[in-house]
Structure formats: C-alpha cells, structure tokens
Amino acid sequence: MSTTERAPVLRGRRSERETLDELLTSLRAGRSQVLVLSGEAGIGKTALLEYLVSRAAECRVARATGAEFEMELAYAGLHQLCAPFLNRLDRLPAPQRDALGTAFGLHDGNAPDRFLVGLAVLSLLSDVAQDKPLICLVDDAQWLDRASADTLAFVARRLLAESVALVFACRTPGVDEAFRQLPTMVVGGLGQADSRALLQAALAGPLEAGVLDRIVAEAHGNPLALLELPRGRTPAQLAFGLGLHTPIPLAGHLEQGFVTRLQALPAETRRLLLVAALEPVGDVTALRRTAERLGIPPSAAVPAEQAGLIEFGVSARFRHPLVRSAAWRSADVRDLVAVHRALAEATELSPDRRAWHRAEATSEPDEEAAAELERSADRARARGGFAAAAAFLERAAGLSPDPARRAVRVLSAAQAKLQAGEFNPALQLLATAEAGPIDDLGRARIDMLRARIAYASRRGSEAPALLLAAARRLEPLDIERARVTYLEVVAAALYMGRFSVPDLMEVAASVPRTTPDHSRKRDILLAGLTSLITDGHAVALPTVRRALQAYSTEDVSIAESLESLSVTSVLAADVWDDDGFRVLSGRYVQTARDAGALGELLRAITIQVIAHALAGELEAATALVDEAKIVMDTVAGDRPARPMYAEMVLASWQGREQEARRLIDASLSDVVANGEGTGVSVAQWAAAALFNGLGRYEEAMAAARQASAYLHELAASKWGLAELIESATRSGATDVADEALHRLSEMTGAVGTEWALGIEARSRALLAEGETAERLYREAIERLGRTQQRAEYARARLLYGEWLRREGRRLDAREQLRAAYDLFTAMGAQAFGERARQELHATGETAQKRTIETRSRLTPQEAQIARLAARHLTNSEIGAQLFISARTVEWHMRKVFTKLGISSRRELPDALPDAA
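This section reports on the structure supplied with the text. (Residues numbered from 1 in each chain as written. Predicted model: local features only at pLDDT ≥ 70, side-chain atom pairs only at ≥ 80, totals over all residues. Heavy atoms only, no water.)

1. Remarks on the overall build of the protein chain
When helices and strands are counted, the protein chain shows 47 helices and seven strands. In terms of overall dimensions, the protein chain has C-alpha extents of about 115 × 70 × 50 Å along its principal axes. Taken over 916 residues, the protein chain has a buried fraction of 57%. In the protein chain, 68% of the contacts between residues at least 6 apart in sequence involve partners at least 24 apart. About 37000 Å² of surface is accessible on the protein chain, with carbon and sulfur atoms providing 49% of the total. A gap of 3 Å separates the mean positions of the 110 positive and 120 negative side-chain charges of the protein chain. (Helix = DSSP H or I, 4+ residues; strand = E, 2+ residues; numbered from the N terminus. Buried < 20%, exposed > 50% of the residue type's maximum accessible area, 1.4 Å probe, protein only. Contact = heavy atoms within 4.5 Å. Areas by Shrake-Rupley, 256 points an atom, 1.4 Å probe, with all protein chains shown as cover. Lys, Arg positive; Asp, Glu negative; His and termini not counted. Charge placed at Lys NZ, Arg CZ, Asp CG, Glu CD.)

Right, dumping it as structure tokens:
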C-alpha cells in the first residue's frame, strides 16, 4: 500500500492510532509494551505498523515477517528478528549464549531447552534496548514457525522494564494460540465515510453513486478490498456495477483479484514474482542468482513494480501477503518445479532451505534428496526444532525409494512429533511405520514411543506395560538400550505406585538380574531399585548406596542428570540418607536451572522444598515456592496450571490450615486423575503432618493410613508411618500404632542412619512407658540432633516435653517444650509452635503467642529477588534464575530498596536476616 493510499486508511483509525501513541509514550517512559493487532487480510494491520515506525524516530526498530513457506524451519522468524543483534551474543550469560547460538545453527551443541532460548532472546533484546528503546515488529505472525512463535510469546510474557515493545500483526482467523492471551487490539473495518473517501481516492474518475455504495458495502470497510475490487474492471463494468458480485470469502476474492492482475503480466515477470514468493526472506542477491539460472532478465521486474505488486530495494517486499500467495497458488506446476530447483541450486548459506527447495522440485522417489532432508532434520533437532525435524523427516519418507528406509524415517518423524508435544500426529505416524517393513529393533522403538506418548499425555497407566514390552524386545538386539528402557519402566512404575499396571513387583521381577557393571551408574541404579522393590531395604542397601554415591560425587552429564536425579534424590530420602538427600536434591535444582529445563525444575523444586521442610528451613522453602510460581507461570503460559505440590508441602508444615487443605484437595484430585501414586502419598503425608501439628489426631491418622498404604512409593510412604504412629497413639489406637511401628522398624533398622534410627526411637517412645520411654526419647533427640532434620528434631523435643508433663515433671517438661517452641517459631512452623505453646502453658509457664514474621511490604517476586541479591548474586544471575531480564531485576531492586528503607545491597542481610 503506497503512502498516498495509506493516508485515508489512517485517518479512519483514530482509536487505533491513539493506542499506538500511548504505547510509544509508555515505551519512552521505560515500560515494556506488548500488543497483538488482529484482523482479516487487508484490514490495515501493516499500515498501522508503518504508522508506529513513523512516530518512533528515536527508537530502534527490528522486523520479522512470517512466511507460509518457512513454517517448517525452526527459529526462522526469530532469526530474522534477532539477526541485526547477533554481534551482541557474547554479552549474554554463557548458558543463554550457547542456547541461542545452537538454536540459530551458529555452532553445534545439545538441543537447547526452549525456555533457555526464550530467556536468551529476552536478555538480548533487553541489552539492545539499553542504548535506546527497541520496537520489534512481527508481521504475518500467524505464519511464524512453531519455535519462533512460542519463543516470542514467552518473551512477551516476561517483559516488564526493558524499554522493549513487541508488536505482532496476526490475520484472523488464524491467530496463533501462543499469542491469544497477549494484549490484543482487534483492527476492524473503516466506517462508511472513510471507506468512501479511500475508494474515491483510488478511482480514476467519478462513479455512479449506487455502484460506489455497492462496492463500499461489499468491502465491509476492508481498505485493501476498497482498493482492489475496482481494479481490473473496465469503465463500463464499473459504471454499471458489472462483475462486482462476490460469492466467495473476501480474502479469497482479493487473492483472485491479484491472480487476475498477475495474469496480465508478461510470463517472465510472473516467473520472477514466483521466485520472490518462494524466497520468503526477500534476499535480492539470492533472487538475482536464481533469476539468472532461469534466464529471467533484470527488466522483468519493471512491470511488477509499475503495477504496484512488489518493491525491489534492499530486499524484495510484496505489496501484500495475498500477492505472494496469489503468485504461488496460480503458478503452473512446471514453473513451480523449475523455480524450486533453481532456488536449491542458488541457495548457498542455508543447507536446510536448499534441501527443502530440492525436495519440492522432486516428484519421484529420490534417495539423495531424502538423505539431505534427513540431515536437515538432524540439524533442526540439534537446535531444539522438533516440529521442523518432524516435517523434514515426513517429507524424506515420502521421497524414500526403499520401503524399509521409508518406515525408519516415518518412525523418526513420530519421535520428533512426540518431542514437539504433538501426541496424536505421533501416534498416526507410528501406525504408518508399523504397517511398513520394519525390523524387531524398529518394533521395539514403536513400543517405547507409544509408552512415552502415553506417559507424556497423561495416559500413564498404559506406560509401564508398553515400556516393558519394548525392553523385552530390545534385550536380544541392543542390551544397553534395553537396560536404559528397563530403568525407565521401573522409574515410571515407582512414580505411578499404587496405580501402576502391571504392579511394581511384577515390573521389578521382569528386569533380568545381572551383576551391575560398576562403571555404569545407570546399571547400579537399576539393580538397586529392583532389589529394593523385590528384596527390601536390608538386601538392597549396599547397591543403593553405591548408586547414590556415584550420582552424588561423580561427574554426570546434564542429560543423564536430568534423567536420573529425580529418582536418586527421592531414593536417598527413602533410605533416610540425610546428606545424600540434600546433595542430590540441590544438584537436581541447579542442573535444571542451568539447563533451562523448566518442567524438570518444577519437579526438582518440589523435592528440595520437602528437604527444606524436614530441615525446618521454611524460609528457604518459601523462596523456592516463589521461584516455582514464576516457573509454573512461564511453563503454563495461557494453559491452566497444575496444582503446586511444593506449595502444598510448605503450607502444611507452616500450619496454614485453610490454604493447606485447599492445596491438598486440589493435589489429590490431580494425582488420582493422572494415576500418580507417589503424589497421593506426598499429599496424604503433608495432610498427616498438618493435622498432627494442629493436634487433630484422628484426621491425621486417616491421612497417614493413606500415605503409608503402599510402601513401594518412595520416601513419603515411610514418613507416613511415623505420622501414623504419632496420631494413632494420641487417638488411643495402639494396635494401629504397633503394626505401623513393626513395618517402620524393619526398614529403619536395616538402614541404620541417624535419621532413620532417630525416627524409630521417637516412634518407639510413643508406645513405651517409664524409663524405657525416657531413654528412647533421649536417644531420638540425640540422634536427630546429629542430622540436618531440624523439624524432626524439634518434634522429638516436643513429644518428650509432652510426655514429661504427663509424668508430672513440670520443670523438665518446660525445658523441652521451651526449646521446641523456640525452634518451631524460628522455623515458621505455626501449628507445631502453637501446640508447643499450649503444652508449655499447661506446665504453668506463660509463653507469649508469636506470629510468624512476614514481609508483606514486598511482593513475592520482590522478596525472592531481595533474597538472591542478599546472597550476592548479580542482576544477570538473578534474572537467569527467575526467567526475567537483568533490567527487570534492577527495576524490582529499586522498589525493594524503597520499601525496606535501605540504599545499598550491603544492607539487605540485615533487612532480610533469613536471606543470608
């Protein structure tokens, strides 16, 4: 649309122009802005983008345009936007720099996590905007490749104080789901008066009023329609209103109008426009080389430019995306093949574009073209572009002359679809692969992929049986891969616990018993887990400890760490390994953070929150829960978030009954619906701890019975036994407590750690009398005092104090109860603290009721940032951990300083004594 045509369009856009002017005002004030312009084709979205640019002379502008032909190239749109700034990559933190460099194919590396790529883009744009405000314009965003759309939506949700504006123009219908929850301005049609003014400005002469009114009515205020509907019609047709009836949708009618205009051009000009349509970056050098190969002279561009269909400058720009679409869709098949072949030959710097053009130029099976596409799929997968990899592989399969190779490529495409989260298309591809000539190894892969799809899509009950079948099929073919799959099935069955089909015993019994290769950590872990399930703690303990030692002290790759640390950290807790639990859960959190693996980070945080809760470090647990909320918001985007198990555990140990019960109920509904047995035991253990703290022992006993009902569920089921013994003795159900103690002591006695024996001694004391009870309480306090489990130690002192008071030894009771009360209040365990205070009051000593200190002046994110800053993390390090930019951290820090009345970071430890 020319400047002359654009002026009447914009005169009719007062409210839209005001919105864009307000966006610029906020941007100049240092506040980031996000806006999606949505509307039908030709409605004026691009004109509004140009208006924004015209008003932003003091801003830097970056552009990208989505293209239908590049939707299969991972990060193609994002690369367009970021290309001018890639000389700044060295200024990013190393993990972000490496992730973005790998995503853009600048160097080799492991497939980067998409959230780490998003954080890298956020940091890059923030860094650019430090010089002057940055406006990023993305036109035709409905045609962005999947990876680019998701990354830019992530960045849009995380922008706050970066002086960056992200403005997307999306055609409706078709707005990408990634952008649907972003601030949106619907661009509607022009009013009657503005429509008439635009139409009259485009006409060469006067038009009969009735015909003019009909054109205005049929255009529905669409500026492009008003300009294009009269074109290509003779004065007689316009005078009498002939040829104006529109039986097809407006966008289709407009495209057909462009087709008509294209058909009037010389053949060599139409071919040049087809080259430009199929080279979506608009690289004039590539266009020139391709045109030369096709024998198209430079003069062929002149008729197209004179017709106002395209501009050839620094880059080639079509008047409207519908022109590109018309050039492509109306082309002769022979021209399409010839142009694709010429583009493949002329493309030098992008092997993936070259492979795609070559494939489009090939109609018969061609192994060389298929192999080139397969290499492109490998590159896409290495960049984290799994959807693109799947597209390359599907096309490669279609070009494969050998049926066996075709089936293997379809199978690989299914795996890429799974990695992209497209479960139903993956299943369809698996069915296609299964129908082909595939060998036993391929059929084992099919079983394995079906299992992983079932697990990932929350049809988890199918997963263990499918994985088990895959492992058995793999065993005679690839023993190493078989053992990895056996470990996967055991881990899945452990996670599903009481809901696993087949059950855990059957799964473990199916794993071949071999002497583990001690040079392979996975083999040791598999042997330890299966022995724990089938033989119990006493037999399994030596192998389990070797596995925990290996994962705690030896170098482990990021990929293997993310696969194994979830199981090993919980396994350490299951065998009451105090140090192992702390080390492995901490390593799990740090590895997930460093890798930007947010799904894993949520699981890791939940495990570490439990470790902190048992250690009485509820302030540290609070910081992690705040981080988890940020991660959950980032991961969920516009999707409903699952309940926060970490928040549930924290609320239970803090004794916040109303909130804890709400979270427990939500978590139980979620884990039962998804067949996660371990989640049931964690939720019921948290409920039992909550009710024991509140002194509501019958409710605690009911929850503890559920928590400990299935002892193969790691860790929480055993802790549930200790909660059951306490609640049952207080409820007078000594037979229940006796039976629970028998089950507990079989395990704690075999393990023999201070943590295990301390819990056993405390539990035995509850059922003992006289000197035996006192000796056991003292033993529990002594043993737990040598561990990091401060909450369990405080509970031992509370129980001992309660026993002493009932024995009539008030002075001795006060010493224990006062110590317990001080410990609980310092931790922030309100319910247990109040229980200790009431017991202390019953001895005749008055303890002032304390409320747990909160920093309500700070928002959760401000408090989290303040804690990290007090630990001497830089703004970049804080931003990397919380998935925000360093500029946003700086903005929050100014608010923290104001609210806390301090002027430097050195004062934070005193203002936040828990943070150091």
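Next comes the rest of the account.
2. Some remarks on the packing of helix α30 (residues 578-595) against helix α31 (residues 598-614)
Here α30 crosses α31 at 150°, and the two axes come no closer than 9 Å. Overall, the two elements α30 and α31 adopt an arrangement that is roughly antiparallel. With respect to the hand of their crossing, α30 and α31 are arranged in left-handed fashion. Listed contacts from α31 to F581, R582, S585, G586, Y588, V589, A592 and R593 of α30 are E600, L601, R603, A604, I605, I607, Q608, I610, A611, H612 and L614. Broken down by class, the residue content of the contact of α30 with α31 amounts to eleven nonpolar, four polar and four charged. (Axes fitted to C-alpha atoms, helices over the stretch in contact; angles between N-to-C directions. Parallel < 35°, antiparallel > 145°, perpendicular 65-115°, else oblique. Left-handed = near helix turned anticlockwise from the far one by under 90°. Nonpolar A, V, L, I, M, F, W, Y, C, P; charged D, E, K, R; others polar.)

3. Side note on the sheet that holds strand β2 (residues 60-65)
Ordered by their spatial adjacency, five strands build an open sheet running β2-β3-β4-β1-β5, and the pairing between neighbours is parallel. Of all strands in the sheet, those with a lone pairing partner are β2 and β5 (184-186), marking the two edges. In this sheet, adjacent strand axes meet at a mean angle of 15° when their direction is disregarded. For strand β1 (residues 33-39) and strand β4 (residues 164-171), the ladder comprises seven bridges, and the chain directions are parallel. Residue pairing in the sheet places Q33 in a bridge with A165 of β4. (Pairing = 2+ DSSP bridges.)

4. So, the nonpolar core
Core analysis: the biggest nonpolar cluster contains 225 residues, and F168, F179, F581, W653 and W719 have the highest contact counts within it. The greatest single-element share of this core, amounting to eleven residues, is contributed by α31. Leaving out residues up to four positions away in the same chain, F581 has contacts with S569, A572, A573, I607, I610, A611, L614, W719 and W755. Of all hydrophobic cores here, the second largest spans 48 residues; its members include F69, V211, L226 and A276. (Core = buried A, V, L, I, M, F, W, Y, C linked by side-chain atoms within 4.5 Å.)

5. Focus on the pattern of salt bridges
Applying the stated criterion across every chain yields a total of 67 salt bridges. Note that R271 and D335 form a salt bridge whose closest N and O atoms lie 2.9 Å from each other. Taken together, the positions of R271 in helix α13 (residues 267-278) and D335 in helix α17 (residues 333-346) put the pair 64 residues apart, joining distant regions of the chain. We classify D335 as partly exposed; its relative accessible area is 27%. (Salt bridge = Lys/Arg side-chain N within 4 Å of Asp/Glu carboxyl O.)

6. Some details on the packing of aromatic side chains
Applying the stated criterion across every chain, the model contains 13 aromatic pairs. Between F581 and W719, the aromatic rings sit 6.3 Å apart at their centres with planes inclined by 45°, giving tilted as the arrangement. One end of the pair, F581, is in helix α30; the other, W719, is in helix α37 (residues 716-731), and 138 residues separate them in sequence. Residue F581 is classed as buried on the basis of its relative accessible area of 2%. Ring geometry for Y777 and Y800: centres 5.6 Å apart, planes at 25°, overall stacked. One end of the pair, Y777, is in helix α40 (residues 770-785); the other, Y800, is in helix α41 (residues 790-806), with 23 residues separating them in the sequence. In this pair, the class of Y777 matches that of Y800, namely buried. (Phe/Tyr/Trp six-rings, centres within 6.5 Å; stacked < 30°, edge-to-face > 60°.)

7. Considering the environment of I664
As for its placement among the helices and strands, I664 is situated in helix α34 (residues 657-673). The class of I664 is buried, set by a relative accessible area of 5%. Residues I664 and A687, spaced 23 residues apart in sequence, show a C-alpha to C-alpha distance of 6.9 Å. Discounting residues that sit within four places of it in the chain, I664 has contacts with M648, S652, A683, A686, A687 and L690.

8. Focus: the side chain of R762
Summarising the element assignment, R762 is placed in helix α39 (residues 754-767). The class of R762 is buried, set by a relative accessible area of 2%.

9. Details of helix α44 (residues 860-870)
In terms of burial, α44 is a largely internal element, nine of the eleven residues being buried. Among the residues of α44, E862, A863, Q864, I865, A866, R867, L868, A869 and A870 are the ones counted as buried. Just past α44, the residue H872 takes up positive phi, approximately 70°.

10. What about α37?
Between its first and last C-alpha, α37 extends 22 Å over 16 residues, near the 22 Å set by a 1.5 Å rise per residue. Within α37, 14 of the 16 residues are buried, which leaves it mostly tucked inside the rest of the structure. The positive-phi residue at the C-terminal boundary of α37 is G732, with phi of around 80°. (Expected span 1.5 Å × (residues − 1).)

11. Examining the state of the cysteines
All told, the structure shown has zero disulfides when counted by the stated rule. Free of any disulfide, C136 has its nearest neighbouring cysteine sulfur in C82, separated by 7.5 Å. The class of C136 is buried, set by a relative accessible area of 0%. (Disulfide = S-S within 2.5 Å.)

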